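# Geometric and topological summary
Given next are the chains, with one letter for each unit.
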Amino acid sequence: MFDVAVFASLFVTLFVIMDPPGIMPIFLALTAGRPAKVQRKMAFQAVCVAFGVIAVFGVLGHQILAYLHVSVPALMIAGGLLLLLIALDLLTGKTEEPQQTKDVNVALVPLGMPLLAGPGAIVSVILAVQDADGPSAQVSVWAAIVAMHVVLWLTMRYSLLIIRVIKDGGVVLVTRLAGMMLSALAVQQIINGVTQVVQGT
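Criteria and thresholds
Throughout this description, residue numbers start from 1 for each chain and increase along the sequence as written. Thresholds applied to this predicted model are a pLDDT of at least 70 for local features of residues and 80 or more for the giving and counting of side-chain atom pairs; totals over whole chains, interfaces and linings are not thresholded and use all residues. To obtain the side-chain values, all non-hydrogen atoms of the structure were used and water was disregarded. Working definition: helices are DSSP H or I runs of at least four residues, strands are E runs of at least two. Numbering for both runs from the N terminus. One less than the number of residues in a helix, times 1.5 Å, gives the span that helix is expected to have. Here's how the labels work: a residue is buried when its accessible area is under 20% of the maximum for its type, exposed when over 50%, partly exposed in between, all with a 1.4 Å probe on protein chains only. Candidate patch residues must exceed 30% relative accessible area and have no salt bridge, after which like charges are joined if within 9 Å and Val, Leu, Ile, Met, Phe, Trp or Tyr side chains if within 5 Å. Here the Shrake-Rupley method, with its probe set to 1.4 Å, supplies the accessible areas, and only the displayed protein chains count as covering residues. For this analysis, a salt bridge means a side-chain nitrogen from Lys or Arg found within 4 Å of a carboxyl oxygen belonging to Asp or Glu. Within this scheme, the nonpolar core is defined by two criteria: the residues are buried Ala, Val, Leu, Ile, Met, Phe, Trp, Tyr or Cys, and they are joined through side-chain atoms within 4.5 Å. Here, two residues are considered to be in contact whenever any of their heavy atoms come within 4.5 Å of each other.

Bringing helix α6 (residues 119-131) into the picture now. Spanning 13 residues, α6 covers 18 Å between terminal C-alpha atoms, matching the ideal 18 Å at 1.5 Å per step. Of the positions making up α6, those classed as buried are P119, A121, I122, V123, S124, V125, I126, A128 and V129.

Given 3.6 residues per turn, any residue in an α-helix points the same way as the ones three and four places further on. With eight of eleven residues buried, helix α2 (residues 20-30) lies mostly within the body of the structure. Three or more residues of α2 are buried, namely P20, I23, P25, I26, F27, L28, A29 and L30.

With that settled, the discussion passes to a nonpolar patch on the surface. A cluster of nonpolar side chains, contributed by L82, L85, L88, L91, L108, V109, L173, L177, M180 and M181, occupies part of the molecular surface with about 880 Å² of accessible area. For the nonpolar patch, the elements supplying multiple residues, two or more each, are α4 (72-92), α5 (102-116) and α7 (135-200). On the secondary structure map, L177 appears in helix α7.

Inside soluble globular proteins, nonpolar side chains tend to come together where they are buried. Ranked by internal contacts, the top residues of the largest apolar core, which has 48 residues, are L14, L115, L116, M156 and L182. Breaking this core down by element, the ones donating at least two residues are α1 (4-18), α2, α3 (36-68), α4, α5, α6 and α7. Take this core: its biggest share by element is eleven residues, from α7. If we ignore the near neighbours within four places in the chain, the residues touching L115 are I23, I26, L30, L83, P110 and L182.

In structure tokens, the structure reads:
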């Protein structure tokens, strides 16, 4: 009741798209200045949010997009624009949020979505669930999704140890680097969405 090939294929795809090593400096930048306990909580919240979004789209993805009359390229472009706004805040140092929603907002947006559960991951899961024939393939798909989120949680959970080494100055540097990487990722996502629109016309 387990298809190793299906599991491996989706896990590798999600690993490349969701990029646990790449999310680590962004997580450190967005959670800088918070107590370690709060940071660990936010890492868990972000993974739960991402898994919830991925699971919903895995089960009801086609129906949701069809109901909203939203195409996959449009989803990619919108996600790219949102990431670009976040990246600009990181580059300019404008990462402060209102105190009453500080802990929750970062875990929900941008960590949970669209950084983790972005358009690329959502589309990949929708297609994988659609192409999974039989119970064994379905089990393998969902096992890969769960495994990927466990890896993401472990990556963010233990990235907190890096803060003790790099100190506040290092966090500022990581923030700027994260902004640069995130802006490039956002622009590439927008380009991919526009390319799909052009090819579809």
